[in-house]
Amino acid sequence: MTQVKPAPGGRMLTVLRVHLPSEIPIVGCEITPYVLLRRPDGGIFTDDVSEASPVDGYFMRYKWYRIQSDRRAAVCSVHPTEQATLQCIGCLKSKIPVAKSYHCSAKCFCDAWQHHRVLHERAISALNENGTEEEELFGRFGSGSSSSGIISAALSGSTPNLSQSSGFNNGPTPVYPTGTEKSSGETWFEVGRSRTYTATADDIGHVLRFECAVVDLETRGTVRAPTSVMTSRVIPAPTPTPRRLIPVNAADAMGHFDLDSRASSFGTFTVLSYNILADTYATSDTYSYCPTWALSWAYRRQNLLREIIGYHADIICLQEVQNNHFEEFFAPELDKHGYQALYKKRTTEIYAGTPQAIDGCATFFRRDRFSHVKKYEVEFNKAAQSLTDAIIPAAQKKLALTRLVKDNIALIAVLEAKFGNHGTENPSKRQLLCVANTHINIHHDLKDVKLWQIHTLLKGLEKIAVSADIPMLVCGDFNSIPGSTSHGLLAMGKVDQLHPDLAVDPLGILRPLSKLTHQLPLVSAYSSFARMASVGYDSDHQRRRMDPTTNEPLFTNCTRDFTGTIDYIFYTADSLTVESLLELLDEDSLRKDTALPSPEWSSDHIALLAEFRCTPRVRR
């Protein structure tokens, strides 16, 4: 080590502490160690100190190593923190990525079989029909997901033939030494020279070591021995069982198809609605059953993006999108895939957190399919202020606003289709579409507020409908179960005036009850599964995942504390027809012992997706 001159007073830049946000690194997820430093003047900070911006003549040098053992074990595809003990030969015959074939026990394999066999069916079908390659079959996310766990290794422990490194930027030096050290059957490979590191497929099954050292700018020597920390073994990113798009139109019942290989046909379009679970709410206290690494935003954002992109939707309505994550991640990433973005964050009258972490609704649409015509923003807080000014006595206004002001919003976009008006009465007429994206108040004891917010939104949409002959979609997390007055107002256009929910109205905002109506012919898209005329495996399978009394899915939100349906895609049935729907999940799909979120599914909600066709409006 080079001798260096100490700073005045004997102090210099010092590393106080280094730790990792998660001990388990996942392929494709960036690792950013926490490095606590002390300045020569005694100040404590965590910012990086680069060679270009030294502090009192010192800067930080970082290195990452992969510790590769002569003995290597495969990783279970279901429980990626466990070592695999058996392998599904059917996966190898079907040319499924080999990492998906590993299981830690016979019980693990049996429990996973119901959804695991879908991989076999899809792979065989794709190879028979068009020879689709496995990386296309299971989707891609950069080079990270396609190579996620694609290794070739026997369970006997032989050294695997690993795929080539992904194109992640793990430092300024493009090529590293073949090996830096070998002892006790371990070889250390230098794999990165920056503070952050993104694990690649080459790292699967190996331990990583992060090393940082203070360097004297003048002598280029390290001040003292480097500080280091080691991870556990790198695991492949778990991937959920692919969900198929199921035709609900009887004429298309035999036209079984997959999302991976299908784009919307001429005259049809697809809409996705998904509450992605904002990072600020994804805490270990709330979701203690989910592994910490699977709750980290670094992992969840990649898994969510991979899932969202894999649906190939023409329109995407997301809820619980944090402001900083929209600006820094979703908008730029989806832009690369041809989507234009609209965003409305929640209001902040009662929000007490970091401004950048407040969430909202984001709507994306494919530029080659739609163009943006107009945007409306609904702030229920403003509507609450107007309501209290109009009907609440002055002495009660503060109490009324406390009940009504919840920061909820809705984002309404008017789009124009670029794919023409094929099959309609007037092909030359512009084909407009109105898409509402909302997140309604969550509090279960404020049923009057939920109903009032939904009624306010519907009245706004009625005004748009009067001004233009336009099909409508109303998507989002309504925090209202089937059978509630809120669901009834959306689906039936009115409420049952004897419904017990209406007894909760301390401010009288729902009176008179006769006003709780709307004229939009809205129908829940997923109720189409209950009306399927076809008979077969797909139709029977989906009907079993529906509630026969409400014609809605058994659940769209699944946690340890609550399982039920609160997310919907509603459409105007006089101008749109449902062609197909994304298949629903059941307990087998979620793996029986797991609620959401999980390593496979990164939100506590499931995504809903429907394909629609514009139809001539029925004249009355």
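- An unreviewed UniProt entry lists the protein under the name poly(A)-specific ribonuclease, with Panicum hallii var. hallii given as the organism.
- On record in UniProt, under Cofactor (unreviewed entry), the comment for the protein is "Mg(2+)".
- Per UniProt, the protein has the following entry under Catalytic activity (unreviewed entry): "Exonucleolytic cleavage of poly(A) to 5'-AMP."

Here we look at the nonpolar core
For step 1, the next point in the chain: If you look at the biggest cluster of nonpolar residues, it comprises 68 residues, and the most contacted ones within it are Phe 269, Ile 315, Leu 473 and Phe 612.
For step 2, the next point in the chain: Beyond its immediate sequence surroundings of up to four residues, Ile 315 is in contact with Phe 269, Thr 270, Val 271, Leu 272, Thr 363, Phe 364, Phe 365, Phe 370, Leu 415, Leu 433 and Val 435.
For step 3, the next point in the chain: The next biggest cluster of nonpolar side chains, apart from the first, holds 42 residues, and it includes Ala 400, Ala 436, Ile 454 and Leu 502.

Side note on the sheet that holds strand 1 (residues 14-19)
For step 1, the next point in the chain: Here we have 3 strands laid out as an open sheet, ordered 1-3-4, and antiparallel in their pairing. Of all the strands in the sheet, just strand 1 and strand 4 (44-45) have a single pairing partner and so form its edges.
For step 2, the next point in the chain: As paired elements, strand 3 (residues 34-38) and strand 4 share 2 bridges and run antiparallel to each other. Bridge pairing links Leu 37 to Phe 45 in strand 4.

What to know about the side chain of Thr 363
For step 1, the next point in the chain: With respect to the secondary-structure elements, Thr 363 resides in strand 17 (residues 359-366).
For step 2, the next point in the chain: Engagement of the side chain of Thr 363 in a polar contact is seen with the side chain of Asn 437, the distance being 3.2 Å.
For step 3, the next point in the chain: Residues in contact with Thr 363, not counting those within four places in the same chain, are Ile 315, Ile 316, Cys 317, Gln 340, Ala 341, Leu 342, Leu 411 and Asn 437.

Observations regarding the packing of aromatic side chains
For step 1, the next point in the chain: Taken as a whole and assessed by the stated rule, the structure comprises 21 aromatic pairs.
For step 2, the next point in the chain: With a centroid separation of 6.1 Å and 90 degrees between ring planes, the pair formed by Phe 478 and Phe 570 is classed as edge-to-face. With a gap of 92 residues between them, Phe 478 in the loop between strand 21 (472-477) and helix 10 (485-492) and Phe 570 in strand 27 (residues 567-572) connect regions that are remote in the sequence. Phe 570 matches Phe 478 in its accessibility class, with the two residues each being buried.
For step 3, the next point in the chain: The rings of Phe 269, Phe 370, Phe 419, Tyr 571 and Phe 612 are connected pair by pair, giving a single aromatic cluster.

Thoughts on the packing of helix 9 (residues 447-467) against helix 10
For step 1, the next point in the chain: For the pair helix 9 and helix 10, the least separation of the axes is 9 Å and the interaxial angle reads 20 degrees. For the element pair helix 9 / helix 10, the angle class is roughly parallel. The handedness of the crossing between helix 9 and helix 10 is right-handed. On helix 10, the residues that touch Lys 450, Leu 451, Ile 454, His 455 and Leu 458 of helix 9 are Thr 485, Ser 486, Leu 489 and Leu 490.
For step 2, the next point in the chain: Partitioned by chemical class, the residues of the contact of helix 9 with helix 10 number 5 nonpolar, 3 polar and 1 charged.

Overview of the environment of Ser 232
For step 1, the next point in the chain: Residue position: Ser 232 is located in strand 12 (residues 227-233).
For step 2, the next point in the chain: Taking C-alpha positions, Ser 232 is 5.4 Å from Ile 24, a pair spaced 208 residues apart along the chain.
For step 3, the next point in the chain: Discounting residues that sit within four places of it in the chain, Ser 232 has contacts with Glu 23, Ile 24, Pro 25, His 206, Val 207 and Leu 208.

Digging into the sheet that holds strand 16 (residues 339-345)
For step 1, the next point in the chain: Spatial strand order, 13-28-29-14-15-17-16: 7 strands in an open sheet with mixed pairing. Each edge of the open sheet is held by one strand with a lone partner, namely strand 13 (245-247) and strand 16. The average angle at which neighbouring strand axes cross in this sheet is 25 degrees, direction not considered.
For step 2, the next point in the chain: Pairing of strand 13 with strand 28 (residues 576-582), which is carried by 3 bridges, proceeds in the antiparallel orientation. Among the inter-strand pairings, Leu 245 is bridged to a residue of strand 28, identified as Leu 582.
For step 3, the next point in the chain: Seen against the sheet, helix 5 (residues 297-310) touches strand 14 (268-275) and strand 15 (315-322) and runs at an angle of roughly 160 degrees to strand 14.

Regarding the pattern of salt bridges
For step 1, the next point in the chain: Considering all chains together, one arrives at 22 salt bridges under this definition.
For step 2, the next point in the chain: Notably, a salt bridge pairs Glu 377 with Lys 375, separated by 3.1 Å at the nearest N-O pair.
For step 3, the next point in the chain: With a relative accessible area of 43%, Glu 377 lands in the partly exposed category.
For step 4, the next point in the chain: A single salt-bridge network, built from bridges that share partners, covers Lys 344, Lys 375, Glu 377, Glu 379 and Lys 382.

Scoring rules and cut-offs
- Residues numbered from 1 in each chain as written.
- Predicted model: local features only at pLDDT ≥ 70, side-chain atom pairs only at ≥ 80, totals over all residues.
- Heavy atoms only, no water.
- UniProt positions renumbered as here; feature names shortened; annotations may be inferred.
- Core = buried A, V, L, I, M, F, W, Y, C linked by side-chain atoms within 4.5 Å.
- Buried < 20%, exposed > 50% of the residue type's maximum accessible area, 1.4 Å probe, protein only.
- Contact = heavy atoms within 4.5 Å.
- Pairing = 2+ DSSP bridges.
- Helix = DSSP H or I, 4+ residues; strand = E, 2+ residues; numbered from the N terminus.
- Polar contact = N/O pair within 3.5 Å; in protein donor to acceptor, adjacent residues only side chain to side chain.
- Phe/Tyr/Trp six-rings, centres within 6.5 Å; stacked < 30°, edge-to-face > 60°.
- Axes fitted to C-alpha atoms, helices over the stretch in contact; angles between N-to-C directions.
- Parallel < 35°, antiparallel > 145°, perpendicular 65-115°, else oblique.
- Left-handed = near helix turned anticlockwise from the far one by under 90°.
- Nonpolar A, V, L, I, M, F, W, Y, C, P; charged D, E, K, R; others polar.
- Salt bridge = Lys/Arg side-chain N within 4 Å of Asp/Glu carboxyl O.

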